[in-house]
Amino acid sequence: MDDNFGLSAEEFRIQAVYSDETRQFRSPAEPTAEDWVNVRIRVGRGTVSAVFLCTNEREYLMEEAKTQGAFSYFQATLPPTAEEMTYYFRLQCGEAVGYYTKYGFFSEYKHEGEFRIFRDYRTPDWAKGAVMYQIYPDRFANGDVSNDVKTNEYIYLKQKTEQVTDWSSLPAASDINRFYGGDLQGVLNKLDYLAELGVEVLYFNPLFVSPSNHKYDTQDYWHIDPHFGKIVRESGSVLAADAKTNETASLYAARTTADENLAASDALFAELIQQAHARGMRVILDGVFNHCGAFHKWLDREGLYRGKLRGAYRHADSPYHDYFYWNADGTYEGWWGYENHPKLNVEGCAALREELLAIARRWVSPPFDADGWRLDVAADLGKTEEFNHAFWRMFRTAVKGVSPDKLILAEHYGDAAPWLTGNQWDSIMNYDAFMEPVTWFLTGVSKHSTEKREDMYNNADVFWGTMSYQMGRLPSQAISVAMNQLSNHDHSRFLTRTNRQIGRVETEGSAAADANVEKAVLREAVLLQMTWSGAPTVYYGDEAGVTGWTDPDNRRTYPWGREDMELIAFHKAAISLRKEYPVLRHGSLKQLYGAYGVLAYGRFDEKEKILVALNNTEEIRTVSIPVWQMGVQAEGTLQNCLMTNRDGFTEFGFSYPVRNGNVLLPLPPKSAMASCPTSRRCAKRASTWCPTSAAVLPRPRASSPPSSTLCGCSSRRFAKILSIWPI
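Remember, predicted model here, so these are calculated numbers, not experimental data.

A. Just unusual backbone geometry, in detail. In this chain, S27 is followed by P28 through a cis amide linkage whose omega measures -5 degrees. Its location among the elements puts P28 in the loop between β1 (26-27) and β2 (37-44). For the peptide bond that leads from P366 to P367, omega is 10 degrees, which places it in the cis range. With respect to the secondary-structure elements, P367 resides in the loop between α7 (350-363) and β20 (372-375). In this model, L157 sits at a positive phi of 50 degrees, which is unusual for a non-glycine residue. Along the chain, L157 falls in the loop between β12 (155-156) and β13 (159-160). For L157, a relative accessible area of 40% translates into the label partly exposed. Of note, V377 is a non-glycine position whose phi angle comes to about 30 degrees, a positive value. Topologically, V377 is positioned in the loop between β20 and α8 (385-402). You can call V377 buried: its relative accessible area is 14%.

Put into structure tokens, the structure is as follows:
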């Protein structure tokens with residue numbers, strides 16, 4: 001064996017260096033102000049004469065803690081402090097000096113990419129790496145037809161409501177007034193399905209009383225919408241054919257304001273959370289506190305609460321008048337000018353602030369005990385950045401005061417660092433450091449399917465550069481619970497993006513979103529998602545093959561009875577893999593390879609190593625991966641844990657030899673695979689393979705074809721999978 005794995009001394013010295021902010025290189029990973037913090041770095045054995053830990057205060061000479069295989073580990077301990085601390089490493093090798101930051105090894109210090117320590121910044125352990133599932137309630141499952149919005153029940157954005165009776169029909173180009181009837185009882189009925197899928201956290205789009213199907217324009221924060229809950233008191237009628245306003249929307253008023261309906265709906269939600277908890281699943285709510293809706297009871301523009309309260313729209317002396325911003329002409333200010341989204345005067349009204357904080361506490365407290373909040377357009381709340389940060393500090397105190405195990409995630413585009421310091425948000429919806437780079441690499445189109453960039457497609461340099469930079473801006477606490485999505489309610493379905501076309505439903509039509517999609521590319525993305533750092537979040541129906549342009553087409557119904565069972569089986573297998581190997585939740589992540597259309601990375605800690613490789617090209621690619629960099633022994637084997645290509649997928653145990661710290665992998669077109677030195681799921685059935693020459697790559701062998709229930713493909717298709725591997 002070559003001590004330097006076939007590399008020059010300089011190449012080995014550079015490639016062996018590694019550190020990050022996971023618990024194997026920093027402990028405790030989430031220190032308090034009173035903790036001493038042990039910081040470690042890995043270097044090539046015998047390659048350095050001294051290592052220094054350089055903080056924003058001083059330098060520490062690091063001591064060699066241990067040697068293991070090809071590596072030496074150096075450590076230093078930092079004293080307690082309440083202040084944020086940054087650090088990087090300076091490595092001395094004779095006269096040569098090198099520097100190591102989050103962005104890698106450099107011969108000169110770049111003054112960027114420093115590691116950071118935030119004290120007293122703790123995120124819930126249950127959320128770290130958890131598998132989440134996003135539900136758009138109106139489109140997931142209809143379990144109670146008696147609460148469905150009726151045709152002509154009320155007017156919303158100048159259109160009368162429409163009750164859609166065909167569950168399988170597609171959203172219209174103008175979908176704002178159409179309701180399919182999905183509800184909480186439907187979710188309750190499907191909890192066992194979600195548990196079997198492997199879901200650990202349910203994230204609901206807004207559930208509070210609201211006139212829209214998306215419910216981002218809240219009517220009452222204090223109660224669950226009875227159209228999602230229960231209607232026990234029914235009175236009034238739908239609008240007459242010639243009605244132009246909601247003055248006579250008596251059925252809607254009774255349904256959404258009657259105390260009996262609100263109490264019954266709240267109770268049903270409490271039952272849902274209890275049932276979810278009983279199955280080991282957590283529940284996250286969606287909070288929209290920057291703005292409300294024009295129907296909101298504090299404003300009561302529609303007159304739905306006449307006789308119950310004095311809304312600010314009709315009464316200048318309303319106790320809620322200061323809850324809103326008012327223009328000189330007496331009109332209220334809308335968020336970004338949208339009349340339907342009155343901007344809330346959180347900054348200027350103490351009473352409103354206290355009410356919002358009380359609402360935040362209510363839903364994470366008994367009898368509901370929701371497990372956290374996702375915050376809509378959180379950076380827009382208030383009018384000044386200073387107040388925005390102040391409010392989210394108050395919000396965190398309120399929510400974490402109920403329990404420090406409550407989770408706070410925020411929707412955010414751009415640099416979220418000012419909010420991720422340990423006293424505001426826990427983390428974010430991870431657009432910049434997951435959805436966007438994954439989408440551009442695998443599809444070459446934007447997350448909205450509105451832009452196409454051939455220069456981004458299969459561009460491994462852009463992928464790794466973006467991931468390194470964007471993940472480097474996030475604290476480790478935030479990365480561990482960041483919501484890693486492929487699709488959601490604001491962007492096109494990932495499966496549609498695989499057709500590499502641009503369009504919207506109003507211009508291209510619904511059918512174009514289904515045409516020429518590549519399920520193999522979706523499986524590549526899912527395997528990446530389930531093996532990446534953070535909390536992989538499945539948008540309802542993605543696992544069943546749902547397609548769609550950006551909203552409203554991305555809000556198609558879940559296809560009960562018409563599911564793509566192979567895609568569901570693959571999601572189950574990928575989620576099972578994540579649960580089976582804790583390293584996929586907590587371990588280090590290191591880039592190992594990048595070329596046109598091909599990526600490989602390692603997830604590793606002291607106990608477990610997982611290699612993940614993807615080939616998104618149209619050709620078989622045989623690549624040599626330096627698995628020694630993630631601590632795999634120089635001589636041995638890797639066993640397949642999960643593999644997918646155009647012909648299906650398998651969890652069967654192919655074996656690949658490791659020679660001199662490298663593994664030669666044959667990657668079929670549009671394929672992805674995860675493998676490890678010892679596959680617990682395949683150990684009993686895996687074949688042993690020992691080639692006579694590492695320069696010759698035989699076909700991986702399997703002792704017998706697996707069943708269709710295991711592989712998600714028939715024996716004939718499994719044979720086809722084997723046939724494309726090069727001999």
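Back to the text.
B. Looking closely at the nonpolar core. The biggest cluster of nonpolar side chains holds 122 residues, and the ones touching the most others in it are Y133, W373, F395 and W425. Setting aside anything within four residues of it in sequence, one finds F395 in contact with F289, L357, A360, W373, L375 and I408.

C. A look at helix α6 (residues 259-278). Taking 1.5 Å as the rise per residue, α6 with 20 residues should run 28 Å; its terminal C-alpha atoms sit 29 Å apart, in good agreement. Among all positions in α6, only N261, L262, A264, S265, D266, L268, F269, A270, L272, I273 and A276 are buried. Looking one or two residues past α6, G280 carries a phi angle of roughly 80 degrees, positive in sign.

D. Representation of the pattern of salt bridges in the model. This model, assessed by the stated rule, comprises 47 salt bridges. A salt bridge links D371 to R282, with the shortest nitrogen-to-oxygen separation between them at 3.3 Å. Of the two residues, D371 sits in the loop between α7 and β20 while R282 sits in strand β19 (residues 282-287), which places them 89 residues apart along the sequence. Here R282 falls in the partly exposed class, since its relative accessible area comes to 28%. For the salt bridge of D286 with R374, the shortest nitrogen-to-oxygen distance reads 3.0 Å. Here D286 is found in strand β19, whereas its partner R374 is found in strand β20, with 88 residues between them in sequence. As far as the burial class goes, D286 and R374 line up, both buried. Because the salt bridges share partners, they merge into one network encompassing D138, R139, E162, D175 and R178.

How each quantity is defined
Residues numbered from 1 in each chain as written. Predicted model: local features only at pLDDT ≥ 70, side-chain atom pairs only at ≥ 80, totals over all residues. Heavy atoms only, no water. Helix = DSSP H or I, 4+ residues; strand = E, 2+ residues; numbered from the N terminus. Buried < 20%, exposed > 50% of the residue type's maximum accessible area, 1.4 Å probe, protein only. Core = buried A, V, L, I, M, F, W, Y, C linked by side-chain atoms within 4.5 Å. Contact = heavy atoms within 4.5 Å. Expected span 1.5 Å × (residues − 1). Salt bridge = Lys/Arg side-chain N within 4 Å of Asp/Glu carboxyl O.

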